Amino acid sequence: MEKPTLQTADWNRIQCYDPATGRNLGTVPITPPEEIPVLLNRCREAQTQWAQTSLTVRKQVLRSLLDFVVTNQETICKISARDTGKTFLDAQLGEILTTCEKIKWTLQHGEKALRTEYREAGTVLKYKYAMVVYEPIGVQAAIVSWNYPFHNIVGPIITALFAGNGIMVKASEYASWSASIYLKYIRDIIAATGNNPDIVQLVIGFKESGKALVKAPVDHITFIGSTAVGKEIMAAAADNLTPCVLELGGKDCLILRSDCNVDQTLPLVLRGVFQNCGQNCIGIERILAHEAVYDTLVDRLLERVRQFKQGAPLDEPNIDQGAMTMGEVHLQKLTALVEDAVAQGARVRHGGHVVKHPRFPAGSYFAPTVLTGVTPAMRIARTDEHFGPVAVLMGPYATDAELIAAANQCSFGLGSSVFTANPAQGYDALARRLRTGMCNINDFGVNYICQSLPFGGVGQSGFGRLAGYEGIRGVCLTRAITRDRFPAWIRTSIPAVLQYPTRSDRAAGDFAMALVNMVYSATWASRAAALVVLAKLGLANP
C-alpha cells in the first residue's frame, strides 16, 4: 500500500496493514453498533450457564489456553509483529511471557481470591458469622489497546472466565487483523473443552462501536488506553452507573540516585525506553538522573543507541527497533513533541525525526531518539504521553529532594523505577514519596510479571486495578452476608421495649443508652449499672 489507511470505501470494514512495510493484510468487518445488543444477549445467555460451573471446569479451560499459547507461541508472536510492527523479541516478552504468567498465577492462586472470607462480626454480634462472598458480576466489556494485541485481549478474558463472567472485547482498530485471529483461537479452545464459546464476544470497529458497547447494559467495563478516551468512556458509563477500571496513560519516571551503578542500570534503561519502540503503558518516558551519574549515563546511552538497527522485524534480520503502529498520526505527534521541547531549550543528541525506510517507504518509523536538557514544564515531560522511542533525560539534579520534586510535577502516576546501591534508602527516600501506583527498585516493569501485585495508577493514569487478588475481585459482585453461628440456641430477638408499636419513648431510649454503656463504657462500674437497667427494662411487661 502506497499510503496505508484504516479506512475503506464503504466504511463497513477496516483496512488492515503491516505498519513496518505497508503490506496489505486484508480487511476485517466492522461490528455495527446495532449488533452490540445481539452479541450481548448471546454472551449473557452463555454467562448464565458459565456462572454455575465449578472452578475445576474453569481451570480446565485456562490450562488448555496455556498449553495452546506455549505450543503456538511463535505463530502468536509473528501475528502480533505483522499487525503492529514490533520485533519478535518484543512480542515474546510482551505477549507470551506475560500471558503465560497470568494464566499460571490464576490457576495457582485465583481460587483463594474467590474464596469466601470470614470476618469479625463485632462486639454485639458474636453469635453471627460475617462473610464476604465474591460472585460473578455478569458480562464485562473490555476495550483494549493495540500495543500488545494478544495479551491485552487475553488478559481480561482470563480474569473474566475464572470469575464466572462473560466478556465482550472491543479490539483497537489498529489491531483488528490480529484480534480477529486471536479471538477465533480462544473461542475454539472454549468449545473444545465442552463449553459455550458465546461466553466471549469480539467487537471490531471505530469509536462508534466502542461507544455502543459502553452504552450497552454491561455489568463492568475495563478500559486500557489513552487518558482522553478513558474520560469519554467514564462519562458514557455514567448513564448506566457501570463500574469501570481505567488503565490509562503513563509517563513513568526512572530515577538514578547518586550511588547507582550506571553500567548495571543501562540495559534496563534501554529496555524500559525502547522496548516495542516505546509503545508501552509502563514504558520509561522520563529519566531523572543525579548530577553524579548524569554525564556518564548520557555517554553510555548514546553509545548504545547509535548502534540500534531499525527496520521491518519480519523481513530483515537483527532488528532492534520496529515501526510505529498508529502510523502517520503518531509520527506527527512525536515530531511535534520533540520540536516543542527543542524550542524550549532541550537538545536532540540523536534521532528526533521520522525515518523513511529505503526498502519499505510506506513503513512508519521514528528514529531512536535521545533528548537532553528536558525540564518538568515541557509537554513531553508533563502532559503528553509520547509513547515512542524517545529517551527523555531530565536534570542533572543535586539531591533526592530535587529528584522527587521533579518526578511528582507530572499529572500521570502509573509506574516508576528507582536505581540505587542502597535499596532500603531508595525505598524510604524516593519510592515511598513518588505519587505512582507502582514502583520497582533497581528494576523496570517487573511488577507486571509479578501477577500477585495489583496493576494500576493514580491521577491521569486512571483508577482501579488489574491483576492480583484485587484484579479478580474487582470484576466480581462483592456481597456482605451474615448468618447465625448457633441457630439452634441463639438468634436475633428484639426486646419488647424496642418493638413496634412503641409503648414508651423514654423506656426505649433508656434501654438503647444502657446497651451502649454496657458494651462500650470504659469502666466496670458503668457497665454493671447499665446491665441492671437492661435487666429491669427487658423484664418489664410490654
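This one's a predicted model, so the numbers in the text were calculated from it and none came from an experiment. (Residues numbered from 1 in each chain as written. Predicted model: local features only at pLDDT ≥ 70, side-chain atom pairs only at ≥ 80, totals over all residues. Heavy atoms only, no water.)

(A) Highlighting the pairing of strand 2 (residues 24–29). Pairing of strand 1 (residues 13–17) with strand 2 involves five bridges; the strand directions are antiparallel. Paired with Tyr17 across the strands is Asn24, a residue of strand 2. The turn joining strand 1 and strand 2, which pair antiparallel and follow one another in sequence, is formed by six residues; a positive phi near 80 degrees is taken by Gly22. (Pairing = 2+ DSSP bridges. Helix = DSSP H or I, 4+ residues; strand = E, 2+ residues; numbered from the N terminus.)

(B) Looking closely at the UniProt feature "domain: Aldehyde dehydrogenase" (unreviewed entry) in the chain. UniProt tags residues 12–478 as "domain: Aldehyde dehydrogenase" (unreviewed entry). The distance from the first to the last C-alpha atom of residues 12–478 is 40 Å, and the span holds 41% helix and 21% strand. (UniProt positions renumbered as here; feature names shortened; annotations may be inferred.)

(C) Main features of helix 4 (residues 88–114). Helix length check: helix 4 (27 residues) gives 36 Å between terminal C-alpha atoms against 39 Å at 1.5 Å per residue, within 8%. Largest kink in helix 4: about 50 degrees, centred on Gln108. (Expected span 1.5 Å × (residues − 1). Bend = angle between axes of the 7 residues up to and from the residue.)

(D) Local environment of the side chain of Gln451. You can see Gln451 is positioned in the loop between helix 15 (446–449) and strand 20 (458–459). Not counting the four nearest positions on each side in its chain, Gln451 is found in contact with Glu101, Lys102, Trp105, Ala467 and Gly468. (Contact = heavy atoms within 4.5 Å.)

(E) Structural view of the nonpolar core. Judged by nonpolar contacts, the single largest core of 71 residues is most densely connected at Ile153, Ile157, Leu161, Val200 and Phe455. At nine residues, helix 5 (residues 149–163) tops the list of elements feeding residues into this core. Counting contributing residues per domain, this core is built from domain 1 (13–248 + 469–480) and domain 2 (252–451), each supplying no fewer than three. Residues contacting Val200, with those up to four places away along its chain left out, are Ile157, Leu161, Ile167, Leu183, Arg187 and Ile190. (Core = buried A, V, L, I, M, F, W, Y, C linked by side-chain atoms within 4.5 Å. Buried < 20%, exposed > 50% of the residue type's maximum accessible area, 1.4 Å probe, protein only. Domains from an automatic or database assignment.)

(F) Molecular detail of unusual backbone geometry. Each neighbour pair has its own omega, and for Gly395 with Pro396 the value is 10 degrees, a cis peptide bond. Relative to the assigned elements, Pro396 resides in strand 16 (residues 390–397). Residue Pro501 is bonded to the preceding Tyr500 through a cis peptide linkage, with omega at -10 degrees. Tracing the backbone shows Pro501 in the loop between strand 22 (476–484) and helix 17 (505–520). One non-glycine residue with positive phi stands out, namely Cys277, at about 55 degrees. Mapped onto the elements of the fold, Cys277 is located in the loop between helix 9 (262–274) and strand 11 (284–290). Here the phi dihedral of Ala467 falls at roughly 70 degrees; this positive angle occurs in a residue that is not glycine. Relative to the assigned elements, Ala467 resides in the loop between strand 21 (462–463) and helix 16 (468–473).

(G) Spatial organisation of the domain arrangement of the chain. One can read the domain layout of the chain as domain 1 (13–248 + 469–480), domain 2 (252–451) and domain 3 (494–540). If you average the C-alpha positions of domain 2 and of domain 3, the two centres end up 67 Å apart.

(H) Layout of the packing of aromatic side chains. Evaluated as defined, the whole model comprises seven aromatic pairs. A ring pair is formed by Tyr118 and Tyr129, whose centres lie 5.8 Å apart and whose planes are at 75 degrees; its orientation type is edge-to-face. Taken as a pair, Tyr118 in strand 3 (residues 117–119) and Tyr129 in strand 4 (residues 128–136) lie far apart in primary sequence, 11 residues in all. On the basis of relative accessible area, Tyr129 is assigned to the partly exposed category, the value being 25%. One residue, Lys86, lies across the ring of Tyr148, its end atom 4.8 Å from the ring centre. Lying over the aromatic face of Trp524, Arg527 brings its terminal NZ or CZ to 4.8 Å of the ring centre. (Phe/Tyr/Trp six-rings, centres within 6.5 Å; stacked < 30°, edge-to-face > 60°. Lys NZ or Arg CZ within 6 Å of the ring centre and 35° of its normal.)

(I) Representation of the environment of Gly164 within the structure. Counting through the fold element by element, Gly164 comes out in the loop between helix 5 and strand 6 (166–171). When near neighbours in sequence (up to four residues on either side) are disregarded, Gly164 contacts Gln47, Trp50, Ala51, Arg58 and Pro136.

(J) Molecular detail of the sheet that holds strand 4. Strand order in the open sheet formed by three strands is 3-4-22, with antiparallel pairing between adjacent strands. Edge positions in the sheet fall to strand 3 and strand 22, since each of these pairs with one other strand and no more. Taken over all neighbouring pairs, the strand axes of this sheet differ in orientation by 25 degrees on average, direction set aside. Where strand 4 lies against strand 22, nine bridges are found, and the strand directions are antiparallel. (Axes fitted to C-alpha atoms, helices over the stretch in contact; angles between N-to-C directions.)

(K) Quick peek at the packing of helix 9 against helix 10 (residues 294–305). Contact geometry for helix 9 and helix 10: axes closest at 10 Å, N-to-C directions at 55 degrees. With respect to helix 10, the axis of helix 9 lies oblique. Crossing of helix 9 over helix 10 shows right-handed handedness. Contacts from Val262, Asp263, Leu266, Val269, Leu270 and Phe274 of helix 9 reach helix 10 at Thr296, Leu297, Arg300, Leu301, Arg304 and Val305. (Parallel < 35°, antiparallel > 145°, perpendicular 65-115°, else oblique. Left-handed = near helix turned anticlockwise from the far one by under 90°.)

(L) Molecular detail of the pattern of salt bridges. Considering all chains together, one arrives at 25 salt bridges under this definition. A salt bridge links Glu117 to Arg119; its shortest N-O distance comes to 3.5 Å. Residue Glu117 is classed as partly exposed on the basis of its relative accessible area of 22%. By relative accessible area, Arg119 is classed as partly exposed at 48%. A salt bridge links Lys184 to Asp188; the nearest nitrogen and oxygen atoms lie 2.9 Å apart. Here the residue Lys184 and the residue Asp188 both occupy positions in helix 6 (residues 176–192), the gap between them amounting to four residues, near one helical turn. Using a relative accessible area of 52% as the deciding quantity, one classes Lys184 as exposed. When its relative accessible area of 39% is taken as the criterion, Asp188 is described as partly exposed. (Salt bridge = Lys/Arg side-chain N within 4 Å of Asp/Glu carboxyl O.)

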